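Letter by letter, the chains look like this.
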Amino acid sequence: MAEEFPFEISPMFEGERIRKDGMYVELSGPKSKGYELVRATPMDEVEDGKFTLIGPDLSEMEEGSRYPFAMIYKIAGELVEEDLESIVERRNHDFQNYIQGMMHLNQRYDVWVRISKDAVAKGLTSFEPIAKAVMMLFKNELPFIEKVEAVYVTDLAEIEKEMDAVKAVYKSRDDRTRDLHDEDVDTFYGCSLCQSFAPSNVCVITPDRISLCGAINWFDGRAAAKVDPEGPQFAIPKGDVIDAESGEYSGVNEIAKSLSSGEYDRIKLHSFFEYPHTSCGCFEVVGFYIPEVDGIGWVDRDYAGTAPNGLPFSTMAGQTGGGKQVAGFLGVGINYFRSPKFIQSDGGWDRVVWMPKNLKDRVLSDIPAEIADKIATEEEAADLDSLRSFLTDKNHPIVERWEAEEEPEEEEVQEAAVAAPAMMPTAMPMQGMPMMMMPPSSGTGGVKIILKNAKVSIDKVIIQRKE
């Protein structure tokens, strides 16, 4: 293989990260344009192994620069069908990361690729060997593909010309699950593609919850598991319903424990705070809790500014990803906003207080009409003070939660004198932020503790009287 290509090909390179100082060129990504697309095509319209490049090749690109980048693969075969397009498309993520000196992140029109300086120094001066290697892997790893042809595009005008049509393809795929819901099926599907970057991630795909990357829906998972039973997409028996509201099922919990090597044993598919779905790193949007208003904000990869909490997407994505269950943060695919079960155990849309305008406009038709104009964007709220004012002026449903919190303290809290404890509870469900008051400096002693919908994780608390 080393003789055929100017690079090594192995799954061992999947987790390779190419930082800016080691990058020869960046392709597509958050500061440029591009996409990846697989189309099921009739056999007689595919020339097996053919590669076409539209735009400048690697050898014509300036070191350290950024270029637009699109990849189109035409696949054909007796078993190839439209339902398999998303699955094959997502495997491009795997196969390009098998290539030493190449980093592939994200999906669809958020795709982001980097080529390293070392790879170019070793002879990678054209996109053709990359395309040839990926086509070879498609046919070797996915036997139902009998013929494959690749077109790569680095010309901005050509990419922009096709972008609307490409997005229409993605939308038509997503729309297939509109009338199918979790309770209508007895099998969900899982995907392990992102475990090279997030080893403990457990991606569960249901009719009401698309994959975190946004590229694989329930129908896609079913098609992939059927044609490639040993592949990265697999069936998850739903099992018993533990809690329909939060989306907890015995079958999902069993697979979570198995895939995470025991790190997690519970996942609630439609919960933001309690045992939330793990977040890989390829998610399209990150949700973040804003304790100052007791609401949830969402920010997508395309938003270059900072959210009202002062953080950009990149920072929040960094602390959310890695395959963890992170209290107060959650990665999702954009199509999950269209789900009738969208974070329903934590208030659904009534808990959402902020989104970038472009993201809000993109899903506006799926936001309940009575809440749509009460969700702020960067145009109405750039910080916490302006956000709170906006929510108050609009009488957002979250304001009722504030009023409930502000009822007279004596009606909410009972004060109790307690002996100095050695241990505190370690697993109370988190629904908000803790509020604690320390012992008074004089008087009869004792500890007054106010816990309002809080989760506290403390190994040990030792309280000693000052002599």
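Structure: above.
What this report covers is the structure whose coordinates are included nearby. (Residues numbered from 1 in each chain as written. Predicted model: local features only at pLDDT ≥ 70, side-chain atom pairs only at ≥ 80, totals over all residues. Heavy atoms only, no water.)

## Description of helix 1 (residues 85-97)
Here is step 1 of the chain: Here helix 1 is 13 residues long and its end C-alpha atoms lie 19 Å apart, about the 18 Å a rise of 1.5 Å per residue gives.
Here is step 2 of the chain: In terms of burial, helix 1 is a largely internal element, 13 of the 13 residues being buried. (Helix = DSSP H or I, 4+ residues; strand = E, 2+ residues; numbered from the N terminus. Expected span 1.5 Å × (residues − 1). Buried < 20%, exposed > 50% of the residue type's maximum accessible area, 1.4 Å probe, protein only.)

## Details of the side chain of N253
Here is step 1 of the chain: Assignment of secondary structure puts N253 in helix 6 (residues 250-259).
Here is step 2 of the chain: If near-sequence neighbours (up to four positions away) are discounted, N253 is found in contact with I242, E248, D265, R266 and I267. (Contact = heavy atoms within 4.5 Å.)

## A few points about the packing of aromatic side chains
Here is step 1 of the chain: For the structure shown, the criterion picks out 25 aromatic pairs.
Here is step 2 of the chain: Between F95 and Y98, the aromatic rings sit 5.7 Å apart at their centres with planes inclined by 65 degrees, giving edge-to-face as the arrangement.
Here is step 3 of the chain: Ring geometry for F337 against F342: centres 5.3 Å apart, planes inclined by 55 degrees, an arrangement best described as tilted.
Here is step 4 of the chain: On the basis of relative accessible area, F337 is assigned to the buried category, the value being 1%. (Phe/Tyr/Trp six-rings, centres within 6.5 Å; stacked < 30°, edge-to-face > 60°.)

## Overview of the sheet that holds strand 14 (residues 285-290)
Here is step 1 of the chain: On the basis of which strands lie adjacent, the open sheet formed by 4 strands has the order 16-14-15-17 and mixed pairing. Each edge of the open sheet is held by one strand with a lone partner, namely strand 16 (329-332) and strand 17 (352-354). Mean inter-strand twist for the sheet, computed between neighbouring axes without regard to direction, equals 35 degrees. (Pairing = 2+ DSSP bridges. Axes fitted to C-alpha atoms, helices over the stretch in contact; angles between N-to-C directions.)

## Focus on the nonpolar core
Here is step 1 of the chain: The biggest cluster of nonpolar side chains holds 43 residues, and the ones touching the most others in it are L27, I115, F127, I130, F138 and Y152.
Here is step 2 of the chain: Among the elements that line this core, the one with the most residues is helix 3 (residues 128-141), at 7 residues.
Here is step 3 of the chain: Beyond its immediate stretch of four places on either side in the chain, F138 contacts Y73, V88, R91, N92, F95, I145 and V148.
Here is step 4 of the chain: Counting 37 residues, the second largest nonpolar core, distinct from the first, contains C203, I290, V299 and F390. (Core = buried A, V, L, I, M, F, W, Y, C linked by side-chain atoms within 4.5 Å.)

## Here's the deal with the sheet that holds strand 1 (residues 23-28)
Two modes of strand pairing occur in sheets, parallel and antiparallel, and in both the strands are linked by backbone hydrogen bonds.
Here is step 1 of the chain: In spatial order, the strands read 4-1-7-6; together these 4 strands make up an open sheet with mixed pairing. Looking at strand neighbours, the two that pair on one side only are strand 4 (65-67) and strand 6 (102-105), the edges of this open sheet. Mean inter-strand twist for the sheet, computed between neighbouring axes without regard to direction, equals 20 degrees.
Here is step 2 of the chain: Of the strand pairs in this sheet, strand 1 and strand 4 are connected by 3 bridges, and their pairing is parallel. Bridge pairing in strand 4 places E26 opposite R66.
Here is step 3 of the chain: Seen against the sheet, helix 1 touches strand 6 and strand 7 (112-116) and runs at an angle of roughly 160 degrees to strand 6.

## A short note on the packing of helix 1 against helix 3
Here is step 1 of the chain: Their axes nearest at 10 Å, the elements helix 1 and helix 3 cross at an angle of 120 degrees. Here helix 1 and helix 3 pass one another in a crossing that is right-handed. When helix 1 is examined against helix 3, the residues V88, R91, N92, F95 and Q96 are found in contact with a partner set consisting of I130, V134, L137, F138 and E141. (Left-handed = near helix turned anticlockwise from the far one by under 90°.)

## Quick word on the environment of P312
Here is step 1 of the chain: Its location among the elements puts P312 in the loop between strand 15 (295-300) and helix 7 (313-320).
Here is step 2 of the chain: In this structure, the C-alpha to C-alpha distance between P312 and R301, residues 11 residues apart in sequence, is 9.3 Å.
Here is step 3 of the chain: Not counting residues within four places of it along the chain, the set of residues in contact with P312 comprises G305 and T306.

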